[in-house]
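Each chain, letter by letter, is given below.
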Amino acid sequence: MLNAAIRSGGTYLYRDLCKFNYSTAISVCRQFNTTQGQFQKLAQFCSKSILRSFNNKSVTHNTYVKTNKIIMPEEQKPQVVFVLGGPGAGKGTQCSKIVERFQFVHLSAGDLLREERAREGSEYGTLIESYIRDGKIVPVEVTCSLLENAMQNSGKTKFLIDGFPRNQDNLDGWTRQMSDKVDFLFVLFFNCPEDKCVERCLARGQAGSGRSDDNLESLKKRIQTYNNDSLPIIKHYEQIGKVQQIDANPSADEVFKNVEKVFVDAGFQ
Ligand SMILES: Nc1ncnc2c1ncn2[C@@H]1O[C@H](COP(=O)(O)OP(=O)(O)OP(=O)(O)O)[C@@H](O)[C@H]1O
Ligand SMILES: O=c1ccn([C@@H]2O[C@H](COP(=O)(O)O)[C@@H](O)[C@H]2O)c(=O)[nH]1
C-alpha cells in the first residue's frame, strides 16, 4: 500500500492517507516532501484517524523536524529507565518513590508476569508459575509483549521498567521489538549484598507477600540466576556508560536521596 501511494506521486495522498496506520502515514508524508501547509491540509482531511493517532502517540505538535524540504511533527518517543538489582535489593520500593517525585510510570516485569499468571484463560499461566518458582527467566516474547502493552495502555511517556532485562534473551528480544520505539536513558542499578537481599525477601515473605518465591529454596535459585544471567547484562550497560549505580544497603529514605540526585542530574524536575 505504501509503495502504491509513493508511485501515485501525491494525488493519492490526501484521499487515502487516513486509511494508513500512523507509521505508514508519517512515512508517506516524508516520501512526498510534505510541507507544513500540506501537512495541515492533510491533518484536516484525516482528522478522525490520523490526528487521533498523533494524539495517542504524544506527537509534539509545536515541534517540526526540518530535513531538506520536509517539515513534519516530531514524535516524542517514550523514555525508558531500566531498574536492575538482586532480588529484594529494593527496586520496587525505590520505584514507588520515583513515581511520586518524578511522575514516571512504574512497570514491574515480575508484577506483569504475576498478573498474566492470574488472568483467567491465560495460555501462559502454568509456564509463568513454573519459571517463577524455579527462579528462572520467562521467555522474552511473553515479557516483552506484556511490557509493550502496558506502555501503550498507560498513555504516558516516562517509564521505569523494573526487573528487566534480566538475561541475554531479554536484551536481544527487547532490542528486536522495542529499541526503535523508545528512548532508552540509563540503567538504575541497586547494588545490594547477597545476605541483605535474602534477609529482605524472607522478611517480605513472613510479612505476607504471598509470593511463591519468597522462600529460601526459590531464593537460592533466584540469586544464582541473578549472578549468572543478570549481572552480565548490567556489566554490558556499564561498558557502554549507561549505568547509574546506587548503594542499596542503607535505609530506603537514605537510598532515595542518591536516586533523586541521579534523576535531577538527568534533567528531571
Ligand atoms: N533500603 C531498605 N532497607 C530495608 N528494607 C528495605 C529497603 N528497601 C526495601 N526494603 C524492604 O525489602 C523488601 C524487598 O524490597 P522490594 O520489594 O522493594 O525489592 P525488589 O528489589 O523490588 O524485590 P524483587 O526483585 O524480589 O521484586 C520489602 O519488604 C521492602 O519493604
Ligand atoms: O523480566 C522478568 C521479570 C521477572 N521474571 C520472573 O519473575 C520472578 C520474580 O521477579 P521480581 O522482579 O522479583 O518480581 C523472577 O524470579 C523470574 O522468575 C522473569 O522471568 N522475567
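Here is what the cut-offs are and how they apply
Residues numbered from 1 in each chain as written. Chains lettered and ligands numbered in written order. Predicted model: local features only at pLDDT ≥ 70, side-chain atom pairs only at ≥ 80, totals over all residues. Heavy atoms only, no water. UniProt positions renumbered as here; feature names shortened; annotations may be inferred. Pairing = 2+ DSSP bridges. Helix = DSSP H or I, 4+ residues; strand = E, 2+ residues; numbered from the N terminus. Axes fitted to C-alpha atoms, helices over the stretch in contact; angles between N-to-C directions. Contact = heavy atoms within 4.5 Å. Buried < 20%, exposed > 50% of the residue type's maximum accessible area, 1.4 Å probe, protein only. Near = heavy atom within 4 Å. Polar contact = N/O pair within 3.5 Å; in protein donor to acceptor, adjacent residues only side chain to side chain. Areas by Shrake-Rupley, 256 points an atom, 1.4 Å probe, with all protein chains shown as cover. Nonpolar A, V, L, I, M, F, W, Y, C, P; charged D, E, K, R; others polar.

In the annotation of an unreviewed UniProt entry, the entry for the protein reads UMP-CMP kinase, and the organism field reads Bactrocera dorsalis. For the protein, the Sequence similarities (unreviewed entry) comment in UniProt is given as "Belongs to the adenylate kinase family. UMP-CMP kinase subfamily." The Function (unreviewed entry) field of the UniProt record for the protein holds the comment "Catalyzes the phosphorylation of pyrimidine nucleoside monophosphates at the expense of ATP. Plays an important role in de novo pyrimidine nucleotide biosynthesis. Has preference for UMP and CMP as phosphate acceptors."

(A) Molecular detail of the sheet that holds strand E6 (residues 183-191). Spatially, E4-E5-E3-E6-E7 is the arrangement adopted by the five strands of the open sheet, whose pairing is parallel. Across the chains shown, the open sheet's two edge strands, defined by having one partner strand only, are strand E4 (105-108) and strand E7 (243-247). In this sheet, adjacent strand axes meet at a mean angle of 25 degrees when their direction is disregarded. In the sheet, strand E3 (residues 79-85) pairs with strand E5 (residues 158-162) via five bridges, with the strands oriented parallel. Its bridge partner being in E5, Val83 is matched across the sheet by Asp162. With respect to the sheet, helix H6 (residues 91-102) is in contact with E3, E4, E5 and E6, its orientation differing from that of E5 by roughly 175 degrees.

(B) Main features of the UniProt feature "binding site: a ribonucleoside 5'-phosphate" (unreviewed entry) in the protein. Feature annotation in UniProt assigns "binding site: a ribonucleoside 5'-phosphate" (unreviewed entry) to the following positions: Arg114, Lys136, Ile137, Val138, Gly163, Phe164, Pro165, Arg166, Arg211 and Arg222. Tracing the backbone through its elements, the reader meets Ile137 in the loop between helix H8 (125-133) and helix H9 (140-154). Among the residues examined, Ile137 registers a relative accessible area of 16% and is labelled buried. Considering the arrangement of structural elements, one finds Phe164 in the loop between E5 and helix H10 (168-177). A relative accessible area of 0% means that Phe164 is categorised as buried. If we ignore the near neighbours within four places in the chain, the residues touching Phe164 are Phe82, Val83, Leu84, Ala109, Val140, Thr143, Leu147, Asn170 and Trp174.

(C) Broad picture of the site of ligand 2. In the neighbourhood of ligand 2, 17 residues make up the surrounding shell, with Arg114, Lys136, Val138, Arg166 and Arg211 lying closest. Between ligand 2 and Arg211, the relevant distance is 2.9 Å, taken from an oxygen atom to a side-chain nitrogen or oxygen of the residue. A distance of 3.4 Å is found between an oxygen atom of ligand 2 and a side-chain nitrogen or oxygen belonging to Arg222. In the complex, 96% of the free accessible area of ligand 2, which totals 450 Å², lies under the protein chains. Taken together, the residues that form the shell around ligand 2 break down as seven nonpolar, four polar and six charged.

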